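Working through the structure, step by step
If you want the building blocks of each chain, they are given just below.
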Amino acid sequence: MTKIQETMHRLSLETKSPIFVGIGHANTTYKADLYAESAIQQLEKQNQSKIVVMGEEGKIIEIDEDKAALEYVTMVQDPEILERLKKTTISPKIFAKIK
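Since the model is a prediction, treat every value here as computed from it, not as a measurement.

Brief notes about the overall build of the protein chain
Of regular secondary structure, the protein chain possesses 4 helices and 4 strands. Along the protein chain, from the amino end to the carboxyl end, the secondary structure elements read α-β-α-β-β-β-α-α. Burial analysis of the protein chain (99 residues in total) assigns 25% to the buried set. Intrachain contacts of the protein chain at a sequence separation of at least 6 include 33% that bridge at least 24 residues. With the model as given, the accessible surface of the protein chain reaches about 7100 Å², and the carbon-plus-sulfur share is 56%. Between the mean site of the 14 positive side-chain charges and the mean site of the 15 negative ones, the protein chain shows a separation of 3 Å.

Below is the structure:
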């Protein structure tokens, strides 16, 4: 377990509530702050102690207390799919979630 995960685990036990860590990664502090806030909102819905890192290309990394990491992308990069989605009412973000 990393130092931050140990600290999260200890705080979770002491407070008897989950600990959320949201990290935003972007080329501006404004965007990074938005991503960090989105990460926290995602964790609040899950109600689990986790670390979530969100980046500009839609890449998300979730790390739980057991050090298990889940990495996925929430944005579609394929130009052909993006072109087809423009002709529908489905956003690329929604498509990535159901894909």
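Looking at the confidence of the model for the protein chain
In this model, the protein chain carries an average pLDDT of 85, and 93% of its residues clear a pLDDT of 70 or more. Across the protein chain, strand S1 (residues 20-25) holds the top mean pLDDT of 94, while helix H4 (residues 92-98) sits lowest at 71.

What about the environment of Arg10?
On the secondary structure map, Arg10 appears in helix H1 (residues 3-15). In this structure the C-alpha to C-alpha distance between Arg10 and Ile63, which are 53 residues apart in sequence, comes to 16 Å.

Section: a nonpolar patch on the surface
Nonpolar side chains collect at one region of the surface, where Ile90, Ile94 and Ile98 lie side by side and expose about 280 Å² of accessible area between them. Looking at the secondary structure, you find Ile98 in helix H4.

What counts as what
Residues numbered from 1 in each chain as written. Predicted model: local features only at pLDDT ≥ 70, side-chain atom pairs only at ≥ 80, totals over all residues. Heavy atoms only, no water. Helix = DSSP H or I, 4+ residues; strand = E, 2+ residues; numbered from the N terminus. Buried < 20%, exposed > 50% of the residue type's maximum accessible area, 1.4 Å probe, protein only. Contact = heavy atoms within 4.5 Å. Areas by Shrake-Rupley, 256 points an atom, 1.4 Å probe, with all protein chains shown as cover. Lys, Arg positive; Asp, Glu negative; His and termini not counted. Charge placed at Lys NZ, Arg CZ, Asp CG, Glu CD. pLDDT = per-residue confidence, 0-100. Patch = residues over 30% accessible without salt bridge, like charges linked within 9 Å, V, L, I, M, F, W, Y side chains within 5 Å. Salt bridge = Lys/Arg side-chain N within 4 Å of Asp/Glu carboxyl O.

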